[in-house]
Amino acid sequence: MKSAYKVMAYIVAALVIVQSASMVFASAGLGIYIEDGGVLDAAAMESEDLSFTGVAGFIVHGINGMIVIPLLALALLIVSFFARTPGAVRNAAIILGLVVLQVALGLFGHENAYIGLLHGVNALVLFAAALHTGRSAGKAEVTTREDRAPAAV
Amino acid sequence: MSRSRLRVLVACLAALAIVVPLAWMWQSSLLPSSYSVMDMGVVDLGGGPAPVEGHAGHGGQAAAGARVAPTETSVDDLVADAEGPPDVSEELVAAHGTITLESGRKVTGYSLNGTSPGPLIEATEGDLVEVTVRNESVPDGMTLHWHGIDVPNSVDGVAGVTQDAVKVGEEHTYRFVAEDPGTYWYHSHQVSHEQVIGGLFGSLVVHPADARPDAPVDALAVAHTYSGTRTLNGEEGDVAFVAEPGTEVRVRVANTDNGPVEVWSGAPYVVRAVDGFDLNEPTPVTGRSVTLTAGARVDLEVTAPEDGSALRVQVGGATALIIGPAGSKAAEVEQPREKLDLLHYGSPAPLPFETSDPDRVFDYDIGRRPGFLDGRPGLWWTVNGRMYPEVPMYIVREGDVVLMRVHNASNEDHPMHLHGHHAVVLSRDGEKATGSPWWVDSLHVDQDETYEIAFVADNPGLWMDHCHQLKHAAEGLMAHLMYDGVDTPYLIGGAADNHPE
């Protein structure tokens, strides 16, 4: 369970990287699309049928951010109960809290662009928290192994 | 019990405390493969009287088997009050496959009589219209809904509510009297979130019976996005409409997309009508765009320039109608920053009914929360705090004056479309409407806005009241307006595999 916990925490961190990469991929693609004479307005956005390089970034960002990461964070919390690592539950709860906050900031960013700034900042906080959780679980794992190792004769 | 066992036990209990409620929520969100709209949702009487005793269905108490109790009116019986041969008769063939747009571009989608948009249907006020549609190759089945026309309920074209989806090889006939002149459109209401954006639609214009001989010339501008390509009447970019200098033109703009478009012009324009209803004493507009929400129509009156140049009526950023002599050019026009506020446009006029003491007051409060929709996790729409299928059934009786408060707290815009009725806008965020009576069937409700609208329940039946961002409707942003004593024999799902959204 300890390694599952560690791996899942690292996956959360990796998925946050996917989130930032997909968003920049999409906005870069959108910029190029508009430079080339493409038009983006509400009707085009709602059609969700735009065809430019990078458009997949929006879709990945949405599904990953609103479904995959929240489910993974929830699973991490469940696994943390069994991880027997100091601070495991607390760290997993922090990650879940940051994920909920992140989704909320993402949605409210649709009506206020400044909230988007916080969404970007919180992404890094979440990334750091997930990385820290993975690393501290890794350290705990090593410590436990050392504890269990037969004493030198 | 040892310390480590206790730990495992506590961990298991904690895990169950999370997993069990989630599993229960997931399980209870699963929809049956077939159900009646009469059995779903939350009864909302809006302060009016409860349905008569023994009314099957409402409240989810209906017994299986015979769907329509003998005391009830079936939607099938709510037909046009007109006998004899139709004044306008149209035969349509619906197909799926590769369609060639007016612009020459080929896309995969749906067509009517080989084209998309389908044929323009024209009628004169009072005409009996009869349209027979045959499904040649639409795999999921299809229907036709007459968007904005207050048709009798039996021909509203909603699969699973007013009819079964028309399967491949089958046909279905719609008959109604075109009572109100104006700009309308028709589209499939079976798997509509795929079929409408895929092209299964056309426009319908009802001309006034007493048209002046010097009435403006009609021009059509039907906006649609095919596989990401923006079009106007199936053409791309600048679309020419030939008119001699000085000609007055009534541009009938329809938005058949899922999102709002802004419409503006290089010269002053007058908004003659919204959603098929003429405005009272509209004045020329300059430096403002008019917002056309998904499903809505607006009739703009413009004049072709006297100097022989062309006038640009821009519909969204990508397409425009260019009105002028053949080959004439129109300068680009920057999108105005200001928008026309229809709440204060034109002159007030008396309403045909009293709104100060409504018989029913309903809330249509749109929100969003995490949960399961038919087993799928995600962030889903809520109406009055509950997710589909726990959406309101707004119960009315014929003749009721209904006041509805539509509030949007969901972080996205919603074009709200009520079937079978036109509602008049009374206020927005508490600010009273002071302009022309503003009648809508498709209302743009922006984030955090609250509209008060009113209508008379004068068209018995079972009517959808849903978001016309059709993907949102498919995600559960819909409710029903239900007349006491009306029932339906049709089922969502069922043998015909009806899926109206």
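Refer to the preceding data block for the structure.
Just so it is clear, the model here is predicted, and its values are computed rather than measured.

K.L.:
Before we move on, could you go through the overall build of chain B and cite the residues and values that matter?
P.N.:
Tallying secondary structure elements over chain B gives three helices and 38 strands in all. Computed over its C-alpha atoms, the radius of gyration of chain B comes to 24 Å, within 12% of the 23 Å expected for a compact globule of 501 residues. In terms of principal-axis extent, the alpha carbons of chain B reach across some 95 × 60 × 50 Å. The buried share among the 501 residues of chain B stands at 51%.

K.L.:
I'd like to hear about the overall build of chain A, residue by residue, with values.
P.N.:
Within chain A, the secondary structure is distributed over five helices and zero strands. Along its sequence from the N terminus, chain A presents helices and strands in the succession α-α-α-α-α. Against the globule reference of 15 Å for 153 residues, chain A gives a C-alpha radius of gyration of 19 Å, more extended than a compact globule. Its C-alpha atoms give chain A principal-axis dimensions of about 75 × 25 × 20 Å.

K.L.:
Residue-level account of the interface of chain B and chain A, with values.
P.N.:
Across the contact, 26 residues belong to chain B and 23 residues belong to chain A. Every element with two or more residues in the side of chain B that touches chain A is listed here: α1 (3–29), β16 (261–265) and β25 (376–383) of chain B. Considering each element in turn, the side of chain B that touches chain A owes the most residues, five residues, to α1(B). Taken together, the residues that form the side of chain B that touches chain A break down as eleven nonpolar, eleven polar and four charged.

K.L.:
Pulling in residues and values, what's your account of helix α1 (residues 2–35) of chain A?
P.N.:
Along its 34 residues, α1(A) runs 50 Å from first to last C-alpha, staying within 8% of the 50 Å computed at 1.5 Å per residue. Following α1(A) by one or two positions, Gly37(A) adopts a phi angle in the positive range, close to 100 degrees.

K.L.:
Quick rundown of the pairing of strand β4 (residues 88–100) of chain B? Include the residues and the values.
P.N.:
Residue and element names in this part refer to chain B. In this structure, β4 lies alongside strand β7 (residues 128–135), joined through seven bridges in parallel fashion. Its bridge partner being in β7, Glu 90 is matched across the sheet by Val 131. In terms of strand pairing, β4 meets strand β5 (residues 106–112) through seven bridges, oriented antiparallel. Residue His 96 lies in a different strand from β5, and its bridge partner there is Tyr 110. Remark: five residues form the turn of the hairpin made by β4 and β5, two consecutive strands paired antiparallel; Gly 104 in that turn has positive phi of roughly 95 degrees.

K.L.:
Give me the sheet that holds strand β19 (residues 288–292) of chain B: which residues, what numbers.
P.N.:
Strand pairing within a sheet occurs via backbone hydrogen bonds; the two strands may be parallel or antiparallel. Residues and elements named next belong to chain B. Taken in spatial order, the six strands make up an open sheet running β14-β22-β21-β16-β19-β23, and their pairing is mixed. Across the chains shown, the open sheet's two edge strands, defined by having one partner strand only, are β14 (238–242) and β23 (338–339). Across two bridges, the pairing between β19 and β23 is parallel. Following the sheet pairing, Arg 288 is matched in β23 by Glu 338.

K.L.:
Break down the nonpolar core for me, citing the residues and quoting the values.
P.N.:
One recurring pattern in soluble globular proteins is that nonpolar side chains are buried together. Formed by 135 residues in total, the largest nonpolar core has its most connected members in Val313(B), Leu321(B) and Ile323(B). If sequence neighbours within four positions are ignored, Leu321(B) has contacts with Ala219(B), Ala221(B), Leu232(B), Val239(B), Phe241(B), Val251(B), Val313(B) and Val315(B). In this structure, Met8(A), Val16(A), Leu98(A) and Leu126(A) belong to the second largest nonpolar core, which totals 23 residues.

K.L.:
Could you give an account of helix α3 (residues 55–80) of chain A, with specific residues and numbers?
P.N.:
Its 26 residues place the ends of α3(A) 36 Å apart at the C-alpha level, agreeing with the 38 Å of an ideal helix rising 1.5 Å per residue. Inspection of α3(A) places Gly57(A), Gly65(A), Ile69(A), Pro70(A), Leu72(A), Ala73(A), Leu76(A), Leu77(A), Val79(A) and Ser80(A) among the buried residues, and these make up the whole buried set.

K.L.:
Which residues make up the packing of α3(A) against α1(B), and what values do they have?
P.N.:
Look at α3(A) against α1(B): their axes get within 8 Å of each other, and the N-to-C directions meet at 150 degrees. Looking at the two axes, α3(A) sits roughly antiparallel to α1(B). Here Leu74(A), Leu77(A) and Ile78(A) of α3(A) come into contact with α1(B), specifically with Ala15(B), Ile18(B) and Val19(B). The class makeup of the residues in the contact of α3(A) with α1(B) is six nonpolar, no polar and no charged.

K.L.:
Tell me about the packing of α3(A) against helix α4 (residues 88–108) of chain A, and please be specific about residues and values.
P.N.:
Residue and element names in this part refer to chain A. Interhelical geometry of α3 versus α4 gives an angle of 165 degrees and a closest axis separation of 8 Å. With respect to each other, α3 and α4 are oriented roughly antiparallel. Relative to α4, the crossing made by α3 is left-handed. Contacts from Gly 65, Met 66, Ile 69, Pro 70, Ala 73, Leu 74, Leu 76, Leu 77 and Ser 80 in α3 reach Ala 88, Val 89, Ala 92, Ala 93, Ile 95, Leu 96, Val 99, Val 103 and Gly 106 in α4. The residue makeup of the contact of α3 with α4, split by class, is 15 nonpolar, three polar and no charged.

Conventions adopted
- Residues numbered from 1 in each chain as written.
- Chains lettered and ligands numbered in written order.
- Predicted model: local features only at pLDDT ≥ 70, side-chain atom pairs only at ≥ 80, totals over all residues.
- Helix = DSSP H or I, 4+ residues; strand = E, 2+ residues; numbered from the N terminus.
- Rg over C-alpha atoms; globule rule 2.2 N^0.38 Å.
- Buried ≥ 20, exposed ≤ 12 C-beta atoms within 10 Å, placed from the backbone.
- Contact = placed C-beta atoms within 7 Å.
- Nonpolar A, V, L, I, M, F, W, Y, C, P; charged D, E, K, R; others polar.
- Expected span 1.5 Å × (residues − 1).
- Pairing = 2+ DSSP bridges.
- Core = buried A, V, L, I, M, F, W, Y, C linked by C-beta atoms within 7 Å.
- Axes fitted to C-alpha atoms, helices over the stretch in contact; angles between N-to-C directions.
- Parallel < 35°, antiparallel > 145°, perpendicular 65-115°, else oblique.
- Left-handed = near helix turned anticlockwise from the far one by under 90°.

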